[in-house]
Amino acid sequence: ATIALRQKLLAVSTGFNRARATCFADPAACASTFDSTVGVHLTGTALTQVRTNLDAEAAQGIRTRGIDPGTLYYQGLQLFKEDPVDAALSLCAVDKAVRYVPAVGAEPEKIVDGAAVSYFVVYRIQAGTDGTLRIGDIANTEFVTLEGEYGQCDQYAH
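These lines cover the structure that appears in this document, whether it is placed above or below. (Residues numbered from 1 in each chain as written. Predicted model: local features only at pLDDT ≥ 70, side-chain atom pairs only at ≥ 80, totals over all residues. Heavy atoms only, no water.)

## As for helix 1 (residues 3–25)
The condition is simple: For helices the rule is a DSSP run of H or I covering at least 4 residues; for strands it is a run of E covering at least 2, with both sets numbered from the N terminus onward. Under the convention used throughout, the expected extent of a helix is 1.5 Å for every residue step, that is, one less than its residue count. The cut-offs for exposure are 20% and 50% of the maximum accessible area for each residue type, with area from a 1.4 Å probe on protein chains only; residues under the lower value are buried, those over the upper are exposed, and the others partly exposed.
The terminal C-alpha atoms of helix 1, which comprises 23 residues, lie 33 Å apart, in line with the 33 Å expected from a rise of 1.5 Å per residue. Of the positions making up helix 1, those classed as buried are Leu5, Leu9, Leu10, Val12, Ser13, Gly15, Phe16, Asn17, Ala19, Ala21, Cys23 and Phe24.

Structure (structure tokens):
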């Protein structure tokens, strides 16, 4: 794959991860703007999967703070077809975000998940009929407890 194509694919993943970070900070508030914020980066299974996840977080009152979209490190690219684009982008993720239910009245904040982990994520990115590149499928490996700053992503983070 050309460097230009790799840069385009990375831009799709970066755009999605920035929008996702903003959206999951307050899923209830994001639900109404999902299609024009996070949804524009997704199609197919990925769109359904992320929307379902967001709706579940919103229903439970869960918010996420500390999502850093900059802690995804390029690991590899597999190009299945160049025109129209069909590729799999593999990234190593370091996740130090905290999922929580905010304090309400006398009820203190409740941490739902504060684990710091690393894992690999694969985005299947394809060009739609309009030529726009979107993530159609998202798969990831098991989460590994973070040891050090980057955990299993250390080799990609430098």
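## A look at the state of the cysteines
We apply this condition: Disulfide: a pair of cysteine sulfur atoms within 2.5 Å of each other.
Taken as a whole and assessed by the stated rule, the structure comprises 2 disulfides. Two residues, cysteine 23 and cysteine 30, share a disulfide whose sulfurs are 1.7 Å apart. Across the S-S bond of cysteine 23 and cysteine 30 the torsion is about -95°, and the bridge reads as left-handed. A single burial state applies to cysteine 23 and to cysteine 30, both of which are buried. The disulfide partner of cysteine 92 is cysteine 153, and the S-S distance across this bridge is 1.9 Å. Classification of the bridge connecting cysteine 92 and cysteine 153 rests on its S-S torsion, roughly -85°, and on that basis the disulfide is left-handed. One end of the pair, cysteine 92, is in strand 3 (residues 86–95); the other, cysteine 153, is in the segment after strand 8 (144–145), with 61 residues separating them in the sequence. Neither cysteine 92 nor cysteine 153 differs from the other in exposure class; each is buried. Along the chain, the cysteines that take part in disulfide bonds pair up as 1-2, 3-4, counted in sequence order.

## With respect to the environment of alanine 87
Inclusion rule: Any pair of residues with heavy atoms lying within 4.5 Å of one another is described as a contacting pair.
Position of alanine 87 relative to the elements: it lies in strand 3. By relative accessible area, alanine 87 is classed as buried at 1%. For alanine 87, the contacting residues outside a window of four places in its chain are Leu9, Leu77, Gln78, Leu79, Phe80, Tyr123, Arg124 and Ile125.

## What to know about the pairing of strand 3
Where we set the bar: The pairing criterion for strands is at least two bridges between them, as found by DSSP.
Burial analysis of strand 3 places 9 of its 10 residues in the buried class, the great majority of the element. Sheet topology note: the strand 2 (residues 72–81)/strand 3 ladder contains 8 bridges and is antiparallel. Bridged to glycine 76 within strand 3 is serine 90. A loop of 4 residues connects strand 2 with strand 3, the two strands running antiparallel in sequence. Here strand 3 pairs with strand 6 (residues 117–127) via 10 bridges, running antiparallel.

## A few points about the environment of leucine 77
With respect to the element layout, leucine 77 can be found in strand 2. Considering only alpha carbons, one finds leucine 77 and tyrosine 100, 23 residues apart in sequence, at a separation of 34 Å.

## Some remarks on the nonpolar core
As a reminder, the rule being used: Remark: nonpolar core denotes a set of buried residues (Ala, Val, Leu, Ile, Met, Phe, Trp, Tyr, Cys) joined through side-chain atoms within 4.5 Å.
Formed by 28 residues in total, the largest nonpolar core has its most connected members in Leu42, Ile135 and Ile138. Of all the elements in the fold, those that place two or more residues in this core are helix 1, helix 3 (44–59), strand 3, strand 6 and strand 7 (133–140). The leading source of residues in this core is helix 1, at 8 residues. Apart from residues lying up to four places away in sequence, leucine 42 is in contact with Phe16, Phe34, Leu47, Val50, Arg134, Ile135 and Ile138. Grouped together as the second largest cluster of nonpolar side chains are 8 residues, Tyr73, Phe120, Tyr150 and Ala157 included.

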